[in-house]
Structures are given as C-alpha cells and as structure tokens.
Amino acid sequence: MLDLSKYTKELSKLFSISENILLICHINPDGDAIGSQLALYQYLKTLGKDAAMLSPNNLQEFLKWLDGADKIKVFIRNRKKAIDLIKEADLIVMIDFNQASRLGEAEKYVVKADAKKVIIDHHLDPHDFADLIISDPSQCSTAELVNDIVNIMIGGPFINKSYAESLYVGIITDTGNFEHGAFSGKTFRMVADLLDYGIDKEKIYNLIYNNFSADRMRLMGLALNERMTVLPDLMSAYIYLTKEDLNNYNNVKGDTEGFVNLPLSIKGINFSTLFIEKDNFVKLSFRSKGQFPVNEFAARYFAGGGHLNASGGEYYDTLENTISYFLKVLNDNIGKLKHEE
Ligand code: 5GP
Ligand code: MN
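Residues numbered from 1 in each chain as written. Chains lettered and ligands numbered in written order. Predicted model: local features only at pLDDT ≥ 70, side-chain atom pairs only at ≥ 80, totals over all residues. Heavy atoms only, no water.

## Focus on the coordination of the manganese ion (ligand 2)
Within the protein, the manganese ion (ligand 2) binds to D32 (OD), D96 (OD), H122 (NE2) and D174 (OD); these donor distances fall in the range 2.2 to 2.3 Å. Taken in chain order, the donor set of the manganese ion (ligand 2) reads D-x63-D-x25-H-x51-D. Highlighted residues: D96 in the loop between β4 (91–95) and α4 (107–111) and D174 in helix α6 (residues 161–174), separated in sequence by 78 residues. The same class applies to D96 as to D174, namely buried. (Donors = N, O, S within 2.8 Å, 3.2 Å for Na, K, Ca; no water. Helix = DSSP H or I, 4+ residues; strand = E, 2+ residues; numbered from the N terminus. Buried < 20%, exposed > 50% of the residue type's maximum accessible area, 1.4 Å probe, protein only.)

So, in structure tokens, the structure goes:
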C-alpha cells in the first residue's frame, strides 16, 4: 500500500492555495469515477471551496440520483463553458484515470492548461501528465483511496451522508458489488464503517442495479440469444451490439453496463469481450477470470487499459473488421490465456 502521508501534505497545500478547483473524471464515467468526484467535492465544501466538476461525456442514468451529480458539467454538451472552467482553474484534480486520452475531447485543453494538476487513481502504470500523482493500484476503487486521503486530512469520520453514499457507490461499482477486483479486508472495514454510519445499502443497491427499463432487459436478451459467440476452445466468448440494436431498444447511457460480465458465468470461459458499435469506431470492454491480463491486451491491441480483470479500449474501424482483428489477436494470445488459467 502507498504511504499517503507525504502526498496528502502536498495535496492539502494545493487545496488551500487554490481558488478555482476543477474536479474532472474520465470519459464514460463509471460509479467509481463519479462517486470519487462527488466525495472530493463534499470534502472541498468543508474547506469552504465550491469546486467545479466536469465529465468528458454524459453520465449513465443510474448514477444521476447521487447528490451533486446534477452539478457535474458535461464537456460535449457545453464545450464553451467546459473550456472556460478548464482555463479558469488553478488546480485540476483528475479522478479515476491515469492516461490523458481518457479525457476525450477535453484532453488538449487540460494538458495545456496553466493549472497545477493532480491525479488520484488506482489503475496500473500512470502516465506522467500531472504535478502530483497519487496512484495506488492496491485499492479496490478510487473511492477507497479518496477516503484514505480525506481520513488523513481530517482525521475523522465520514463528512456527511452524501459523501458516504458516493464512496459506497464507488466501491460497489468497481467490485461488481463485491464480486471481483482488488477489494481487501481494509475495503470491508471501510464498508463496515459506512454501514455503521447509516448508509442504506438496499436503497443504494436498488438505485444502481435495479433501476433499468424493460427495454434494457430485452436488449440483454438479444445480446445473450443472438449476439453472443462462445469459443470454448479459446476459453472465450464475445457479444456485439450494433447501433441499430441499441436504437431498437431505446438505449440510454448505462444500459449495456454489466453485459460483458455475463459470459464469464459460463463454465470454462475465462475471457469475455463486448463490442459496441459507435459512429466511427467500436468501443470494447474486456473481462477475465484468473490471471489473463486484459489491461495489457487492451493496451496492446486496442489503445486502451484498465485493470488485470477489467479493461476497455477502442478500435477505429467497422464492427465487422474489429471483430475479425479481435479474433486474429485472440488467436495470437491463446497460449497466454491457457497458460494463465
Ligand atoms: P468498462 O469496460 O466498464 O468500460 O471499463 C472497465 C475498465 O477499463 C475501467 O477501469 C475503465 O477505466 C477502463 N477502460 C475502459 N475503456 C478504456 C479505454 O478506452 N482506455 C483505458 N485506458 N481504459 C479504459
Ligand atoms: Mn475505478
């Protein structure tokens, strides 16, 4: 685990000398990105700082109930305002990512901004594009790391209910409600404290996992029945969804969340891929069971990254060509996949 004390000193100093603090998360923000962003926002409020919040693109529907989520500005919805926020900031805190490309269209503005820059993250191999990098891949989520940092800074209990709920959302979404990822005894001790504090775990579970449309359920049916290919010899399975599929089922952001995990429940399938067709590229999500490093696979072949067992990337070609390319590189890696079983 990272020794946080020297980092928190430096971060405290940056917080205290900065007037315009901007908290920015990664593109396609997940529950950990938004939860960690909102938790830091709550912490900064206790210092009397009203931080601005930015996301490169829209939030998933099932995260919009979080307190403060409506204050997060979306870059692609209001570029001018977002660029102004980046230019005006004297401190930019980047949350839950460690590659500048994860800023989407905001990347070029953030990279050349005059502000001091901080990364708070738990992914492997951070790129060096900030003045202070607080990176701890031993944490299950950035939320757990944020709580450790804030704990050192205030030496005490959770700030308020909104803060506690945001942290809990970060933890459950990055661990698939305690199914996978780097959760530890420490994570559960933090969760115990959150429960003692009085968060309503059923309410939060329902708002995150039982908050979808009937169309989303049917889209999942299509994905499993007609869009899934199982390759037992390669211990792999993949699902694709076309733009038309998504339109036919009135897709809203967040509807395909979790689909990539489904094939891993098949016996003998250790590697799962989801292809989502976009306007001029294909978005890929990867999941594995065991030691096959999907972050390396994503980085090597799909300009992406992530964690050992959960990663994502992109490929700028048609869906058909992307799947062919994927099958080729999958075959190239089958030895490794089998070896890591
Ligand atoms: P998901 O499949 O849920 O979109 O993402 C799973 C994990 O991979 C997350 O930790 C996410 O941050 C990371 N990830 C997803 N897409 C990309 C990408 O295009 N680039 C990088 N570097 N990481 C990604
Ligand atoms: Mn995370």
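## Re the nonpolar core
Nonpolar side chains tend toward joint burial in soluble globular proteins. Core analysis: the largest hydrophobic core is formed by 52 residues, its most contacted members being L11, F15, L23, V93, I120 and I134. For this core, the leading source of residues is helix α2 (residues 31–46), giving eight residues. The contact partners of F15, leaving out residues within four places of it in the chain, are I21, L40, Y43, L44, L47, K49, L91, V93 and M153. With 21 residues, the next largest nonpolar core counts I83, L85, F129 and A130 among its residues. (Core = buried A, V, L, I, M, F, W, Y, C linked by side-chain atoms within 4.5 Å. Contact = heavy atoms within 4.5 Å.)

## What about the site of ligand 1?
Taken together, 14 residues lie near ligand 1, and R102, H123, K283, S285 and R287 sit nearest. H307 places a side-chain nitrogen or oxygen 3.4 Å from an oxygen atom of ligand 1. Protein contact buries 86% of the 500 Å² of open area that ligand 1 shows by itself. At the level of secondary structure, the elements contributing two or more residues to the shell around ligand 1 comprise β10 (282–288), β11 (305–306) and β12 (310–315). Both of domain 1 (5–208) and domain 2 (214–339) provide at least three residues apiece to the shell around ligand 1. (Near = heavy atom within 4 Å. Polar contact = N/O pair within 3.5 Å; in protein donor to acceptor, adjacent residues only side chain to side chain. Areas by Shrake-Rupley, 256 points an atom, 1.4 Å probe, with all protein chains shown as cover. Domains from an automatic or database assignment.)

## Side note on the pattern of salt bridges
If the charged atoms of two oppositely charged side chains come close together, the side chains can form a pair. One pass over the full model with this rule turns up ten salt bridges. Among the salt bridges present, the one from D84 reaches K80, with a minimum N-O distance of 3.2 Å. Taken together, the residues span about one helical turn, with D84 and K80 both in helix α3 (residues 79–88) at a distance of four residues. With relative accessibility at 28%, the residue D84 sits in the partly exposed group. The exposure class assigned to K80 is exposed, which follows from its relative accessible area of 60%. A salt bridge links E202 to K201; its shortest N-O distance comes to 3.1 Å. For E202, a relative accessible area of 47% gives the class partly exposed. Taken together, the salt bridges that share partners define one network made up of E144, D148 and K186. (Salt bridge = Lys/Arg side-chain N within 4 Å of Asp/Glu carboxyl O.)

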